[in-house]
Amino acid sequence: HTHTHTCAITLSLNTMHAQACIHTLVAPTGRFVTHPLWADHGTVHAVVIGVNYVGTEQELKGCCNDAQNLTFLLHNAKFHRSNIRVLVDGEHIKRSNDRWLERTFAKYPNNIMEPTRSNILAAIEWLMTDNTPNTSLFFSFSGHGMQVVDQDGDEADGLDEALLSKDMRTITDDELNRLLVSRLEDTQTLFTIVDACHSGTVLDLRYQFQHASRSWTDLFADRPTLQASKASKGGRVYCFSSCPDNEETVDERVLLRHPTGIAASLVLAAMKTAFESRRHQARARDRLTLDVLLRYIWQHHAVIQSLNPAVPLPIFSSTHRGAHLDPCFL
């Protein structure tokens, strides 16, 4: 079945006040962990997807904004534009008058595509082609999420989670796990953001972090077959998603003046703060570790939640469970 993604802007936030509060936050202190989001050496590639479904009954407002903001951040974090594939509605590029996208499209026309199912799968294939050691990968999707009938019996509730492409075709969690997770070698890292309804286990990752208890839940604890079939080849996968499998999310004016997804906005703001606090370093992106990112997410979320308590923390999942749970648990 499908559902209509609610686009109502429900948060009555004072954006300038929230941004001012965020700028006063103190950077996290303490021991850094050994698992950065991006490797110190090797290549980095990114696929960034935003689907607004322009002109349809399911039209959204903020998903292309998510893609645009994340792409700009990655470029500023020293990802070369030739290594970033952007999939957004062509109508958004025409409306946004975004010079970065225009220049990228002019120089690398194959790097900006419409977010159809076939193009998304092609972009994922491009992302996973480079299997050299220390390859760092980034994948994000902002758009509709949904649940469909499970075809292979691996879902306890009988429903697969799925993403919806611009041409209204689904890409299920089974497909995403097979294409993104199962192929990841032990020297590789994949960092993902999925801002969509029903996206809690959209990559079928084994471990899910519980923010309140600072502990991990093994989602496959009593299912050894899934422990093997859903695992990577040793590579680490980290995923921030906007809500549990049985819930929906909305476009919001959270930190910016235009609609964006909640999960994407929180992770984006946290990454930006981390990069800015380390901009004196030559390669700031190599210093962004997960414990630092999570602390910034918690801090940004605390500011937003003080204005609207209903704003949730994003779901955090991984192929690997952290050994140190408090305070540096990864």
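The coordinates are above.
Predicted model, so just to flag it, every value in this text is computed and none were measured.

**Student:** Describe the overall build of the protein chain, naming the residues involved and giving the relevant values.
**Tutor:** The number of helices and strands found in the protein chain is 9 helices and 14 strands. The buried share of the protein chain, reckoned over its 330 residues, is 57%. Surface summary for the protein chain: the accessible area is close to 13900 Å², and the carbon and sulfur share equals 51%.

**Student:** Give me the lowdown on the side chain of threonine 201, citing residues and values where you can.
**Tutor:** Mapping threonine 201 onto the fold places it in the loop between strand S8 (189-195) and strand S9 (207-210). The exposure class assigned to threonine 201 is buried, which follows from its relative accessible area of 15%. At 3.1 Å, the side chain of threonine 201 forms a polar contact with the side chain of glutamate 161. If we ignore the near neighbours within four places in the chain, the residues touching threonine 201 are Glu161, Asp173, Gln208, Leu219 and Asp245.

**Student:** Let's hear about the sheet that holds strand S6 (residues 159-164): which residues, and what values?
**Tutor:** Spatially, the 3 strands line up as an open sheet ordered S5-S6-S7, and their pairing is antiparallel. Looking along the sheet, the strands with just one partner apiece sit at the ends: strand S5 (145-149) and strand S7 (170-172). Ignoring which end each strand starts from, the neighbouring axes of this sheet average 45° apart. Lying over the sheet, helix H6 (residues 173-181) contacts S6 and S7, oriented at roughly 65° with respect to S7.

**Student:** Requested: an account of the packing of aromatic side chains, with residues and values cited.
**Tutor:** Applying the stated criterion to the full structure yields 7 aromatic pairs. Relative to phenylalanine 240, the ring of phenylalanine 191 has its centre 5.8 Å away and its plane inclined at 65°; by these criteria the two rings are edge-to-face. Of the two residues, phenylalanine 191 sits in strand S8 while phenylalanine 240 sits in strand S11 (residues 236-241), which places them 49 residues apart along the sequence. Classification of phenylalanine 191 as buried rests on a relative accessible area of 0%. Using a relative accessible area of 0% as the deciding quantity, one classes phenylalanine 240 as buried. Aromatic side chains tryptophan 216 and phenylalanine 316 sit 5.5 Å apart centroid to centroid with 55° between the ring planes, which places their arrangement in the tilted category. On the criterion of sequence distance, the pair formed by tryptophan 216 in strand S10 (residues 215-218) and phenylalanine 316 in strand S14 (residues 315-318) is long-range, its members being 100 residues apart. For phenylalanine 316, a relative accessible area of 0% translates into the label buried.

About the thresholds
- Residues numbered from 1 in each chain as written.
- Predicted model: local features only at pLDDT ≥ 70, side-chain atom pairs only at ≥ 80, totals over all residues.
- Heavy atoms only, no water.
- Helix = DSSP H or I, 4+ residues; strand = E, 2+ residues; numbered from the N terminus.
- Buried < 20%, exposed > 50% of the residue type's maximum accessible area, 1.4 Å probe, protein only.
- Areas by Shrake-Rupley, 256 points an atom, 1.4 Å probe, with all protein chains shown as cover.
- Polar contact = N/O pair within 3.5 Å; in protein donor to acceptor, adjacent residues only side chain to side chain.
- Contact = heavy atoms within 4.5 Å.
- Pairing = 2+ DSSP bridges.
- Axes fitted to C-alpha atoms, helices over the stretch in contact; angles between N-to-C directions.
- Phe/Tyr/Trp six-rings, centres within 6.5 Å; stacked < 30°, edge-to-face > 60°.

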